[in-house]
Amino acid sequence: VQLQASGGGLVPTGGSLRLSCAASGGTFSRYTLVWFRQAPGKEREFVTVICRSGSTNYAGSVKGRFTISRDNAKKTVYLQMNSLKPEDTAVYYCAARDTILTHCPTTEHNYNYWGQGTQVTVSS
């Protein structure tokens, strides 16, 4: 399974971006899909997850501003980011786990497939 993230860029405070993460190989509909991010000098942190069922969970810092969605036919997960803030500046990583389990974790070690990351920079 390979994941390819795209859509990052430079936006002003208050702007929007949509990240995409396309998968190849495997059975996409089985995946739990997650976005993490890593800001300079900080540890990677959970942003949002979408479960096999379609249910979602968000970090408190992005709730109400970010929306995760998936298109199983296109084998793609999206992250719509609105009302961006300078503190959202980070490299964003998509990841997937392929399991029959319905548990929808938010910690890195649960995910075995990772994209390469895409840079999001929000100017103040």
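None of these values were measured; they are calculated from a predicted model.

Caption draft 1: Seen up close, the state of the cysteines. Enumeration according to the criterion identifies two disulfides in this entry. Covalent S-S linkage joins Cys-21 and Cys-94, the inter-sulfur distance amounting to 2.0 Å. In this structure the cystine formed by Cys-21 and Cys-94 twists about its S-S bond by roughly 65°; its chirality is therefore right-handed. Here Cys-21, found in strand E3 (residues 17-24), pairs with Cys-94, found in strand E9 (residues 90-98); they are 73 residues apart in sequence, far enough to count as distant.

Caption draft 2: Examining the pattern of salt bridges more closely. According to the stated counting rule, one finds five salt bridges in the structure shown. Close ionic contact of Arg-30 with Asp-98 constitutes a salt bridge, the shortest N to O distance being 2.7 Å. Separated by 68 residues along the polypeptide, Arg-30 in the loop between E3 and strand E4 (31-38) and Asp-98 in strand E9 bring together distant segments of the chain. When its relative accessible area of 27% is taken as the criterion, Asp-98 is described as partly exposed.

Caption draft 3: Geometry of the nonpolar core. The biggest cluster of nonpolar side chains holds 37 residues, and the ones touching the most others in it are Trp-35, Phe-66, Leu-79, Met-81 and Tyr-92. Elements supplying a minimum of two residues to this core: strand E1 (2-6), E3, E4, strand E5 (45-50), strand E7 (66-71), strand E8 (76-81), E9 and strand E11 (118-123).

Caption draft 4: Representation of the environment of Thr-67 within the structure. Secondary-structure assignment places Thr-67 in strand E7. In the structure, Thr-67 is positioned 54 residues away from Thr-121 in sequence and 18 Å away in space, judged by C-alpha atoms. The contact partners of Thr-67, leaving out residues within four places of it in the chain, are Tyr-58, Tyr-78, Leu-79 and Gln-80.

Scoring rules and cut-offs
Residues numbered from 1 in each chain as written. Predicted model: local features only at pLDDT ≥ 70, side-chain atom pairs only at ≥ 80, totals over all residues. Heavy atoms only, no water. Disulfide = S-S within 2.5 Å. Helix = DSSP H or I, 4+ residues; strand = E, 2+ residues; numbered from the N terminus. Salt bridge = Lys/Arg side-chain N within 4 Å of Asp/Glu carboxyl O. Buried < 20%, exposed > 50% of the residue type's maximum accessible area, 1.4 Å probe, protein only. Core = buried A, V, L, I, M, F, W, Y, C linked by side-chain atoms within 4.5 Å. Contact = heavy atoms within 4.5 Å.

Just distances and angles here, no functional claims.
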